[in-house]
Amino acid sequence: MIQRALQYLFFLCLATVLRPALAEAPGPLLVDYTHTAWNELDGAPAGATKFAQGADGWLWISSPTGLYRFDGVSFERTERVFGHQLESSNVMALAAAPDGALWVGYRAGGVSVFRKNGAHTYTENDGLQPVGALHIEVAPDGATWVAMRDGVAVLPAGGKRFHHLGPEAGLPTLGVFQILFSRDGTTWVGTNTGAFFRPQGEARFKQAWPRKTLVSLAEAPDGTIWGNDFERGYYKIHTAPPASNQAVLPEVEGALMRFDRRGAMWITQPDGLERRLDPAKRSNPAQRLSIENGISGPMIGALLEDREGSLWIATSQGIDRLRPNRLRTVPLEKQLEFPALVSGPSGDLWVGDYAGDLWSFSRAGRIKREVAGKLTASYTGPDGVLWLGGMDGVVRRATDGVISMIRFPDELKTLRIHAMQQDLDGALWVAISSGKGVYKIVDGKWIKWGGVQGIPDLLTTSMARDQDGNLWMAHLRSLATIISNGKARTLGAEQGLQLGTVMTLYADAGNMWAGGEKGVALYRNGRFAALLGEHAEGFRGVSGIVRMPGGDLWLHGADGLYRVPAAGLAAWMKDARKPVAFERFDAHDGMKGHAPQLRPVPSLKLARDGFLWYATTGSVGTIDPQNILRNPIAPPVEVVGVTANGQRYAIPERHLIRLPEGTRSLQVDFTALSLALPERVRLRYRLAGMDREWQEAVGRRQAYFTNLAPGKYRFEVNGSNEDGLWNSRGAVLEIDIPPTFIESTWFKLLMVFVIVMTLFIAYAMRLHYLTRQMQERMLERMAERSRIARALHDTLLQSVQSLLLSFDAHSRYLKEGSPERDCLNQTLDFAEKLLVEGRDQILDLRASASQEHLEQILGQFGKGLAAHGAHAFEVNVDGSPRQLRQQVHDELYAIAREGLFNASRYAGASRIELAVEYSSDSVNVRIADNGRGLDASVVASGHRPGHWGLVGMRERAGCIGAEIEIDSKPGEGTTISVTVPAQKAY
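Residues numbered from 1 in each chain as written. Predicted model: local features only at pLDDT ≥ 70, side-chain atom pairs only at ≥ 80, totals over all residues. Heavy atoms only, no water.

A. Spotlight on the overall build of the chain. A count of helices and strands for the chain gives ten helices and 72 strands. Relative to its length of 986 residues, the chain is extended, with a C-alpha radius of gyration of 55 Å against a globular reference of 30 Å. With respect to the principal axes defined by its C-alpha atoms, the chain has extents near 185 × 100 × 45 Å. The long-range fraction of contacts in the chain, counting pairs at least 24 apart against all pairs at least 6 apart in sequence, stands at 54%. Approximately 47400 Å² of the chain is accessible, and the part contributed by carbon and sulfur atoms is 52%. Where the 108 positive side-chain charges of the chain centre and where its 107 negative ones centre are 4 Å apart. (Helix = DSSP H or I, 4+ residues; strand = E, 2+ residues; numbered from the N terminus. Rg over C-alpha atoms; globule rule 2.2 N^0.38 Å. Contact = heavy atoms within 4.5 Å. Areas by Shrake-Rupley, 256 points an atom, 1.4 Å probe, with all protein chains shown as cover. Lys, Arg positive; Asp, Glu negative; His and termini not counted. Charge placed at Lys NZ, Arg CZ, Asp CG, Glu CD.)

B. Geometry of the sheet that holds strand β20 (residues 217-219). In space, the four strands of this open sheet follow the order β20-β21-β22-β23, with antiparallel pairing throughout. One side of each edge strand has no neighbouring strand; the edge strands of this open sheet are β20 and β23 (252-253). The sheet contact formed by strand β21 (residues 225-228) and strand β22 (residues 233-237) spans four bridges and is antiparallel. Across the sheet, the residue bridging to Gly-227 is Tyr-235, located in β22. (Pairing = 2+ DSSP bridges.)

C. Here's a closer look at the sheet that holds strand β13 (residues 144-148). Spatial ordering of the open sheet is given by β12-β13-β14-β15, a layout of four strands whose pairing is antiparallel. The open sheet has two edge strands, β12 (133-138) and β15 (163-165), and neither has a second partner. Pairwise comparison of adjacent strand axes, ignoring direction, gives a mean angle of 25 degrees for this sheet. Pairing of strand β14 (residues 151-155) with β15 involves three bridges; the strand directions are antiparallel. In the strand pairing of β15, Val-152 is matched with Leu-165. (Axes fitted to C-alpha atoms, helices over the stretch in contact; angles between N-to-C directions.)

D. Layout of the packing of aromatic side chains. Summed over the entire model, instances satisfying the criterion amount to 30 aromatic pairs. Centroid distance Trp-38 to Phe-70: 5.2 Å. Interplanar angle 70 degrees. Geometry classified as edge-to-face. You can see Trp-38 sitting in strand β1 (residues 33-39) and its partner Phe-70 sitting in strand β4 (residues 66-70), a full 32 residues away along the chain. Of the two residues, Trp-38 and Phe-70, neither departs from the other in class, the shared state being buried. With centroids separated by 6.3 Å and ring planes inclined at 70 degrees, the aromatic side chains of Trp-145 and Phe-205 adopt a geometry described as edge-to-face. Here Phe-205 lies in the loop between β18 (194-198) and β19 (206-207) and Trp-145 lies in strand β13, a separation of 60 residues in the sequence. (Phe/Tyr/Trp six-rings, centres within 6.5 Å; stacked < 30°, edge-to-face > 60°. Buried < 20%, exposed > 50% of the residue type's maximum accessible area, 1.4 Å probe, protein only.)

E. Highlighting the pairing of strand β58 (residues 620-623). Burial along β58 is two-sided: the residues Val-620 and Thr-622 and Gly-621 and Ile-623 are all buried. Where strand β31 (residues 328-329) lies against β58, two bridges are found, and the strand directions are antiparallel. By the bridge assignment for β58, Thr-329 is matched with Gly-621. Where strand β57 (residues 612-615) and β58 come together, four bridges link them in antiparallel fashion. For Ala-615, the partnering residue across the bridge sits in β58 and is Val-620. Between β57 and β58, which pair antiparallel in sequence order, lie four residues.

See the structure below:
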């Protein structure tokens, strides 16, 4: 009940919106409505039996060959409703309930109800015999009434079982065709034996009059119930008997009757549909839609007025729609040829053309002939005098109706007048066709160029006067001329005028609008600025411009009639780079033809009653800018299907779909359920998780995505109707694309592990390879050093030793104490020192080449020193000996050898100790003696003047990152400790 009340309020609001149009006399049917027909080639069903529009906006159509639904763009035959299977494709009855349920009655069978959360088919177990349902109606109280072949069946609101109303309720048990709930609460039933009614609150039905077959029922706006007798006769039905002996005759001929919310009667005939504004009068052919003017077929089986005000018609061959027009083409008794709009003396609109006379007009058509003769241009002066361009010259119509003529001079005969305008002095300027220039008429004389130099020798297409009294002329090739104080100034591309042929000029306060082939431009502050609309609209072919008192700008061009709102125009005035919002009215709104592209101009004028008049190449029409027919319903938006990797998927009820692993391409089909003007529905979408901005779907109702990664996505879509009213909720589809195994997190972790292990193995192999190469090069170097050491020992040192022995033997022949022997002994001592140093160097070569542990070779060296000295030598090892890096081994050996040598030769020690400690943190080598120690100055400075042993030891320690400590005091011995960190030592 609440939902029905809301619907009633909506219809009331819509009627309020439509009231200005309804107050006018109706025109021909196809002037008030735009007709569209679909047949089987368009996918439309033939022979449809019922229409129903659900709360979700879908138009449902039942037919013997299946159930269809329509979104305004495409028909879809469906075996399922809300995902639930139909029992049969032979569908006869159809009803949409206020709660969103769709009721389906089968021609041979029971009744099914479909809801988004479930479905149920009522059969014998539910109180229905499978005899077929002819009509379904949902009562105001929520009960469902079904006209069955075996009587009336009722399912109470919330009930689970139908019960039949038969003789006990006053109804027949056979031949029931329709159920109607009237606005006063009465229930009506149409049957083979007559119409039955039950007033609200009563229990039994009574038979109404006339008592004959009355099967198809309709309620008129005044509450009258009409019924059809199966023989194309419609009767008014009465609850009281007629006067005695009074014959009851049908009042209207037709097969099916409906009343729209405007109150008009629609009645079907064998060959089409007619609109009756007065049931008592037969309609004229202009109020009929038939095969002659494009209906899809004969034998109309169903009528429906949808919630947007369109009328739907089902024929034996297709589906038709009548949509109310926003533009009203003025009815004509004779076809116009290039009509010209003329402002009448009182501000009303007159119309003339190339083929007829000048007539005064109303929106219902022409009123009377005002001036005889053809015309091509006109100008209405401020004093109400009309100047008309005729075939033989200029016709002047005075305010009292007196007609006079200023004939063409001989050189202009057979030519046509293209534009006319009075200047500030009242002289009339006339533009002549075929590029013959302009003339100024003064006292009946035609003065070419008006005595003004510099007017372009091109066709002048339009003229206007600005608020300063300057005369403007429009030309071809994007040129305009301003005549001021007898001088002409030409404007063109240098001033921003780039319209091609300039077809019209319109003064707007202190500015001047120009319309042409390539758009519209405004002249102000010495330059033209082009007006551009949203979505790259250029307003091409404009030959009519009007600025309304409220600030709206209206343009009439090649693509229709445009309205630019005042607010958007004001913003453009501040920044001409901003495109303006606009709305367009064209053939979808009832326009016949397009704006003239040369003459007569202007093609748009404002009448004194506030209506705009426009002219096309063959008609004139009007629109009321203050009462434009609007659609107050935002279109419901729905996602209707998903195609992933070529596989089609239905949309789950929860709008959450899980697609197969590896899905890469995705197509999402969606729609906006606006049936009136689906061509102007705007749709935008985005895929959250991939898109940041909204994408607009232009000319399609699908979104395409490729190269999708696994993850969760949210598809959002929204739509607006022809008036830019957007759905506040839109539609949403959650999409889950699970990863394949190779796209899973575990696989990625495994790959990371494999890559790390591969890199580690590669690094270890490379390190092993480099180490082996270094070892091989080191072995080669050690072998070479050993060879050199042997060669030096076996050759040079042996020879020097022999030489020393020889000199020593010869020295004994010299006298003891003689200068010669002393000198030779000194020389031998020096040579012996050189021999010792040479042996030390050979020992270094051999030590570096050794692969023995550090304590072994140092122990051998220390024992060798102890054998030639007077001190004891001891070696201590702590920890398990480990192989050191070659450089560390060599440098530690050199440092320790230097320390042992110094302790043995210079310290005067009685005991020398070598300690080597191997640990997991470091390796430590310590040399300690109990000798005389070092001077404090040597310890402080780090070296003895002229000696570089200590300096060399420190330098060698620095090379391997070792720490060296020297602890010595005079008379207490010296301790040298070298520590190398494990990461550098091993």
